[in-house]
Amino acid sequence: MWRKDAGVHTMRAMIKRGLRGLLLALFVVADFVSPCGATPPPVLIGLDAEFGHRTSTSAVAIRQGILLALEEINAAGGVLEGRKLELVERDNRSVPARGEVNIRELAALPDLVAVFCGKFSPVVQEILPTVHALKIPLLDPWAAMDSLVDNGYTPNFVFRLSLRDSWAVPTLLEHANHRGLRRLGILAPNTGWGRSSVAAARHYASRTGLVDLIGDVGWYNWGDTHLLTPYLALKAGGAQGILLIANETEGAILVREVAALPEGERVPFFSHWGVSGGNFPAMTGEALAAVDFSLVQTFTFAGTIPARAQAVLSRLQARFTLGSAATIPSQVGIAHAYDLTHILAAAIRQAGSTDRQAIRDALESLPAVDGLIRRYDPPFTPNRHEALEPAQVFIGRFSHEGIVPLAKAD
């Protein structure tokens, strides 16, 4: 009986020692693996855009450009010793008050380093005080109002890779002049973007004397369902062409109304690029072919394009199950957001942290970055928060290939 109890006692002691050894080994392994093997948290990038807008395709295009760039960056090792970049989205539905709420929500997220905005300048204009109060970099891949960047804040937290109204409008007016059309009327929305564009037109006309802006501006409001009356007033006043400042909804209404007029009552349109923020050809239908319509752009996948653009187009089509280049809307949003994301990643690496002030400062002092649209050498400086230049701006037309560039005299 004694021998049996001793054996049981000995066996239990061995089991206990074995379990203690196993637990000790597990703790040692856990202590060794955790710091090296754990996945580091992602670095967040925000996007606040008009996803819920009924006709806009610009927000989706901006998202696509960001995601394509993020895939490349993350596949190459990410940033900050292997941290992945991850996109966080908010929908402002083109409502400024919603944009204000969204920017505060995004800024409250730990390790969120910057926020991309969408197409609508009035929304961006309203959030500028909050952006600078919260000291969060705002990256603009579309909204064109001059004062979004020329905002008077020091330091300035807004960085744009897009058009400015003061580049877009002169390009359109020069094109009209090259076509021999001097007397022009203006149709514009009663918004900050509309007023910015009208100011650019008046400045160009007074500075160059190449065009005469006739009559009063044909102001309209977003949501108007008829725009023919101000058009006819400008035409009756002698306008040989119309400088059109419009997004896709109002632009499509006007094109359909003008296409229904007798051919002699139709004058050419020289349009800002807001109409390309939606599926404008589908919204206008056959009416578009009946109207002389050109618009300003900075990028297109149509026609013969460089090898890098072709590679991005192929990945875009595969990643998002898209058709031909002609069917992809809002292409400038894709290209601008793609390049701007690569520039942001370079700034995060240079800053060496997720500190927003450090990233803002790094954006002003980067070396050259090769992009889809151009080589940015450098992307920004302390005195220049515009990554593009007037040289990237061109006139295009809608065609079966998409938006194709035109020669100046075309």
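Source: prediction; values computed, not measured.

Peer 1: Can you walk me through the overall build of the chain in this structure?
Peer 2: Looking only at helices and strands, the chain has 12 helices and 15 strands in total. Here the C-alpha atoms of the chain give a radius of gyration of 28 Å, more than 25% beyond the 22 Å that 2.2 N^0.38 yields for 410 residues. Seen through its principal axes, the chain has C-alpha atoms that stretch 120 × 45 × 40 Å. Counting over 410 residues, the chain shows a buried share of 53%. Look at the contacts in the chain between residues 6 or more apart in sequence, and 72% of them connect residues 24 or more apart. Approximately 17900 Å² of the chain is accessible, and the part contributed by carbon and sulfur atoms is 56%. Side-chain charges of the chain comprise 38 positive and 39 negative groups, with the mean position of each set lying 9 Å from the other.

Peer 1: I'm lost on the side chain of serine 197 in this one. Help?
Peer 2: Here serine 197 is to be found in helix 6 (residues 192-208). Here serine 197 falls in the buried class, since its relative accessible area comes to 1%. Excluding residues that lie within four positions of it along the chain, serine 197 makes contacts with Asp165, Val169, Ile245 and His272.

Peer 1: What is the right way to read the sheet that holds strand 4 (residues 138-140) from this model?
Peer 2: Sheets are built from strands paired through backbone hydrogen bonds, the pairs being either parallel or antiparallel. Taken in spatial order, the 5 strands line up as 2-1-3-4-5 in an open sheet, and their pairing is parallel. Looking at the sheet topology across the chains shown, the edges are occupied by strand 2 (85-91) and strand 5 (158-160). On average, each strand axis in the sheet is tilted by 25° relative to the strand beside it, whichever way the strands run. Where strand 3 (residues 112-116) and strand 4 come together, 2 bridges link them in parallel fashion. Within strand 4, the position partnered with phenylalanine 116 by the bridge is leucine 139. Helix-sheet contacts for helix 2 (residues 58-75) involve strand 1 (43-49), strand 2 and strand 3, and the interaxial angle to strand 2 is about 170°.

Peer 1: Where do I start with the pattern of salt bridges in this structure?
Peer 2: Between side chains of opposite charge, a pair can form as their charged atoms come close. Scanning the entire structure with this criterion turns up 21 salt bridges. Here glutamate 105 and arginine 90 are joined by a salt bridge, their closest N and O atoms 2.9 Å apart. Placement of the pair is glutamate 105 in helix 3 (residues 96-107) and arginine 90 in strand 2, with a sequence separation of 15 residues. For glutamate 105, a relative accessible area of 38% gives the class partly exposed. Residue arginine 90 is classed as partly exposed on the basis of its relative accessible area, which comes to 23%.

Peer 1: What should I look at first to understand the side chain of glutamate 257 in this one?
Peer 2: Structurally, the position occupied by glutamate 257 is in helix 8 (residues 248-259). Notably, glutamate 257 is buried but unbridged: the nearest opposite-charge side chain belongs to arginine 256, and the N-O separation is 7.9 Å. A polar contact of 3.1 Å, which involves the side chain of glutamate 257, links it to the side chain of histidine 226. Sequence-distant contacts of glutamate 257, that is, excluding residues within four places in its chain, are made with Thr225, His226, Leu227 and Leu228.

Peer 1: What is the right way to read unusual backbone geometry from this model?
Peer 2: Most peptide bonds are trans, and most residues other than glycine sit at a negative phi. For the peptide bond that leads from threonine 154 to proline 155, omega is -5°, which places it in the cis range. Structurally, proline 155 can be placed in the loop between strand 4 and strand 5. Along the chain, aspartate 377 connects to proline 378 via a cis peptide bond; the corresponding omega equals -5°. Its identity as a non-glycine residue notwithstanding, aspartate 111 has a phi of 65°, on the positive side. Mapped onto the fold, aspartate 111 is located in the loop between helix 3 and strand 3.

Peer 1: How do you make sense of the pairing of strand 3 when you look at a structure like this?
Peer 2: In terms of burial, strand 3 is largely enclosed, as 5 of its 5 residues are buried. Pairing between strand 1 and strand 3: 4 bridges, direction parallel. Bridge pairing in strand 3 links leucine 47 to phenylalanine 116. With helix 4 (residues 121-134) bridging strand 3 and its parallel neighbour strand 4, the resulting β-α-β unit is right-handed.

Conventions used here
Residues numbered from 1 in each chain as written. Predicted model: local features only at pLDDT ≥ 70, side-chain atom pairs only at ≥ 80, totals over all residues. Heavy atoms only, no water. Helix = DSSP H or I, 4+ residues; strand = E, 2+ residues; numbered from the N terminus. Rg over C-alpha atoms; globule rule 2.2 N^0.38 Å. Buried < 20%, exposed > 50% of the residue type's maximum accessible area, 1.4 Å probe, protein only. Contact = heavy atoms within 4.5 Å. Areas by Shrake-Rupley, 256 points an atom, 1.4 Å probe, with all protein chains shown as cover. Lys, Arg positive; Asp, Glu negative; His and termini not counted. Charge placed at Lys NZ, Arg CZ, Asp CG, Glu CD. Pairing = 2+ DSSP bridges. Axes fitted to C-alpha atoms, helices over the stretch in contact; angles between N-to-C directions. Salt bridge = Lys/Arg side-chain N within 4 Å of Asp/Glu carboxyl O. Polar contact = N/O pair within 3.5 Å; in protein donor to acceptor, adjacent residues only side chain to side chain. Right-handed = clockwise from strand over helix to strand, strands pointing away.

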